[in-house]
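Here is how the chains run, residue by residue.
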Amino acid sequence: MDRPQPDLLPNLAMAIAALALETRFPGAVCAFVAGSIMRGQGTVRSDLDLVVLYPRLDQAWRESFESNDMPVEAFVQDPSTLAHYLEQDAQSGRPIMVSMVAEGRIVGSDIGLARQFQSRARALLATGPRQAVDPWLLYQVSDLADDLRGLRPASEVRAIAVQLYPKLADLMLLGRGQWSGNGKWVPRRLSMLGQEARDGFEAAMTAAFEGDGAALLALCDAELARYGGPLFDGYKALGVKSTQR
């Protein structure tokens, strides 16, 4: 089945969400309908994000299904589990649930409860992440940057760049009080730092994926300099406690 025109997809998504509440999630009182489709940015196989809220559950869950040829990712919650995941996002610095609730359109019977959570999520989104740059992140970026020093085969430079991509993005974003992200959200979040920072990150990564890690090393060194330089000497991290008696 061919999808409707992009401008009609949000209406289809709302109809799919309403039907899912009635038939797939009986007892749920509301849902937040979110994702790129609702933002008008959907592509051919963009899925619909659906945060479903019950009055009470023994356990939250996530499930995937298709409706009217549209993939749906459902995150099924009750007030206590949803509050947990909103707080988890604030602590991690990645607003996954926070964004879906803050930006989603509401459907269902308990609009008042939905609006309470939406106000809470929007406040969290506006405040920014609670996660600051910690020594472990600085150590990881420092260690990987050291691996770029000296001559290495292109294949090894690429492998290091793959590991550095999310960690360096975290350092740049969280270090400036911005939300970070995973996957496709990394370049979107980096845009919040301005075109120069985003383009510099992209150019350094592109060169590293082609086997030249010089620009990426320079970017790492510049970011680490904001915290006094690379972190290695004197770094200590505690492990698990021994059970030996």
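Residues numbered from 1 in each chain as written. Predicted model: local features only at pLDDT ≥ 70, side-chain atom pairs only at ≥ 80, totals over all residues. Heavy atoms only, no water.

Applying the stated criterion across every chain, the model contains six aromatic pairs. Here Trp136 and Tyr139 contribute two aromatic rings whose centre-to-centre distance is 6.0 Å and whose plane-to-plane angle is 15°, an arrangement assigned as stacked. Of this pair, Trp136 and Tyr139 both sit in helix H5 (residues 135-147), three residues apart, roughly one helical turn. By way of ring pairs, the aromatic residues Trp136, Tyr139, Phe232 and Tyr235 are connected into one cluster. Cation over ring: Arg24 sits above Phe65, and NZ or CZ is 3.9 Å from the ring centre. Lying across the ring of Trp185, Arg188 places its NZ or CZ 4.7 Å from the centre. (Phe/Tyr/Trp six-rings, centres within 6.5 Å; stacked < 30°, edge-to-face > 60°. Helix = DSSP H or I, 4+ residues; strand = E, 2+ residues; numbered from the N terminus. Lys NZ or Arg CZ within 6 Å of the ring centre and 35° of its normal.)

With that settled, consider the pattern of salt bridges. Per the counting criterion, the structure on display carries twelve salt bridges. Between Arg24 and Glu63 there is a salt bridge; the shortest N-O distance is 2.8 Å. Of this pair, Arg24 sits in the loop between helix H1 (9-23) and strand E1 (30-34) while Glu63 sits in strand E3 (residues 61-67), and the two are 39 residues apart along the sequence. The salt bridge involving Arg62 is made with Glu73; its shortest N-O contact spans 3.3 Å. Of this pair, Arg62 sits in strand E3 while Glu73 is found in strand E4 (residues 70-77), placing the two residues eleven residues apart along the sequence. The exposure class of Glu73 is buried, given its relative accessible area of 17%. (Salt bridge = Lys/Arg side-chain N within 4 Å of Asp/Glu carboxyl O. Buried < 20%, exposed > 50% of the residue type's maximum accessible area, 1.4 Å probe, protein only.)

Time to look at the side chain of Gln118. Here Gln118 lies in helix H4 (residues 111-127). Residues in contact with Gln118, not counting those within four places in the same chain, are Phe32, Val101, Ala102, Glu103, Gly104 and Ile106. (Contact = heavy atoms within 4.5 Å.)

This next bit is on the pairing of strand E2 (residues 48-53). Residues in a regular strand point their side chains to alternate faces of the sheet. Burial within E2 is extensive, with six of its six residues counted as buried. Side chains of E2 alternate between two faces, with Leu48, Leu50 and Val52 and Asp49, Val51 and Leu53 buried alike. Here E1 pairs with E2 via five bridges, running antiparallel. Across the sheet, residue Phe32 finds its bridge partner in E2, namely Val51. Bridging between E2 and E4 involves six bridges; their strand directions are parallel. Bridged to Asp49 within E4 is Glu73. (Pairing = 2+ DSSP bridges.)

Of all eight residues making up helix H3 (residues 96-103), six are buried, and the element is well covered by its neighbours. Packed against the buried residues of H3 are E1, E2, E4, helix H2 (79-92), H4 and helix H7 (185-190).

With respect to the helices and strands, Ser142 occurs in helix H5. In this structure Ser142 touches Leu224, Pro230 and Leu231, once residues within four positions along its chain are discounted.

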